Amino acid sequence: MTRWHQETWPKIRARARAEGGEILFADQVAGRTRGEMGKTPVVLRSGNRFSVNAMSAISTKGRMHFMVFAESFTAEVMCRFLERLAGHFGREVRLVVDGHSAHRSRTVRDWLAAHPRAKEPHFPPPYSPELNPDELVNADLKHSLPDSTEPATRPKLTALGTAAA
């Protein structure tokens, strides 16, 4: 981790500045959590089978981008997120992501190679969520969701798509 702070991160930041680019920290939010090392985390659930996942990225300038999706997180979903991100930037973008297999996949590498403004991803050391500010956003999101031990009540939709009481 010292190497990341003293060598890797300063190089990423310097290259982004020299290119006039931006750095984005990205992460996916799934129904998973982290626990203490060596202990299995316990997540209480209501039994409802409704789930949704999200992918988000936050820049060092405070810009936030996200995408919500129902399927599992895969390399194809990552490329769809990158495609949406690419539409928001007219300059070089450096992405810092964790070591998820989708982030390291051939599919994502091929997408990045085909889009010259999107630079190669940078990977912090394994098991270091504290180095990715987007992890803090995800943690906050997970903690602000309704208590998963209580069944969720969803408003019924009328024919026009508005919530009914």
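See the structure shown above.
Report follows, based on the coordinates.

1. A look at the overall build of the protein
The helix and strand inventory of the protein stands at four helices and six strands. Ordered by position from N to C terminus, the α and β elements of the protein give α-β-β-β-α-β-α-α-β-β. Split into buried and exposed, the 165 residues of the protein put 33% on the buried side. For the protein, the share of sequence-separated contacts (at least 6 apart) that also reach a separation of at least 24 residues comes to 69%. A total accessible area of about 11,100 Å² is found for the protein, and carbon and sulfur atoms account for 55% of it.

2. Here's the deal with empty space enclosed by the protein
In this approach a probe as big as a water molecule rolls over the atoms, and the regions it shows empty are the leftover space. In this structure the tally under the stated criterion is one cavity of 30 Å³ or more. One number sums up the size of the largest cavity: a volume of about 40 Å³. Every residue lining the largest cavity is listed: Met 78, Leu 82, Leu 95, Val 97, His 103, Val 108, Leu 112, Lys 119, Glu 120 and Pro 121. Within the lining of the largest cavity, the residues separate by chemical class into seven nonpolar, one polar and two charged.

3. Here's the deal with helix α3 (residues 106-114)
Residues of α3 that are buried: Val 108, Trp 111 and Leu 112. Buried residues along α3 cover an arc of 100° about the axis, so they all sit on one side. Turned more than 90 degrees off the buried face of α3, the exposed positions are Arg 106, Ala 113 and Ala 114.

4. Examining the nonpolar core
Formed by 23 residues in total, the largest nonpolar core has its most connected members in Met 78 and Leu 82. Of all elements in the fold, only β1 (22-29), β2 (53-59), β3 (64-69), α2 (75-86), β4 (93-96) and α3 reach the threshold of two or more residues within this core. Considering every element that reaches this core, the biggest residue donor is α2, with seven residues. Setting aside anything within four residues of it in sequence, one finds Met 78 in contact with Met 55, Phe 73, Leu 95, Val 97, His 103 and Val 108. Within the second largest apolar cluster, nine residues are counted, among which are Trp 4, Ile 12, Ile 23 and Leu 131.

5. Observations concerning the packing of aromatic side chains
All told, the structure shown has three aromatic pairs when counted by the stated rule. Ring geometry for Trp 9 against Phe 25: centres 5.5 Å apart, planes inclined by 40°, an arrangement best described as tilted. Residue Trp 9 is found in helix α1 (residues 2-19), and its partner Phe 25 is found in strand β1; the two are separated by 16 residues along the sequence. By relative accessible area, Trp 9 is classed as buried at 16%. Ring plane angle 40° and centroid distance 6.2 Å describe the contact between Phe 69 and Phe 73, whose orientation is recorded as tilted. Both residues of the pair, Phe 69 and Phe 73, count as buried. An aromatic cluster of at least three residues, connected via ring pairs, comprises Trp 4, Trp 9 and Phe 25. Sitting over the face of the ring of Phe 123, Arg 104 holds its NZ or CZ atom 3.8 Å from the ring centroid.

About the criteria used
- Residues numbered from 1 in each chain as written.
- Predicted model: local features only at pLDDT ≥ 70, side-chain atom pairs only at ≥ 80, totals over all residues.
- Heavy atoms only, no water.
- Helix = DSSP H or I, 4+ residues; strand = E, 2+ residues; numbered from the N terminus.
- Buried < 20%, exposed > 50% of the residue type's maximum accessible area, 1.4 Å probe, protein only.
- Contact = heavy atoms within 4.5 Å.
- Areas by Shrake-Rupley, 256 points an atom, 1.4 Å probe, with all protein chains shown as cover.
- 1 Å grid on protein atoms, 1.4 Å probe; cavity = no way out; pocket = protein on both sides within 12 Å on 5 of 7 lines; lining within 4 Å.
- Points joined across faces, edges and corners; volume = space filled by probe spheres on them.
- Nonpolar A, V, L, I, M, F, W, Y, C, P; charged D, E, K, R; others polar.
- Arc of directions from axis to C-beta.
- Core = buried A, V, L, I, M, F, W, Y, C linked by side-chain atoms within 4.5 Å.
- Phe/Tyr/Trp six-rings, centres within 6.5 Å; stacked < 30°, edge-to-face > 60°.
- Lys NZ or Arg CZ within 6 Å of the ring centre and 35° of its normal.

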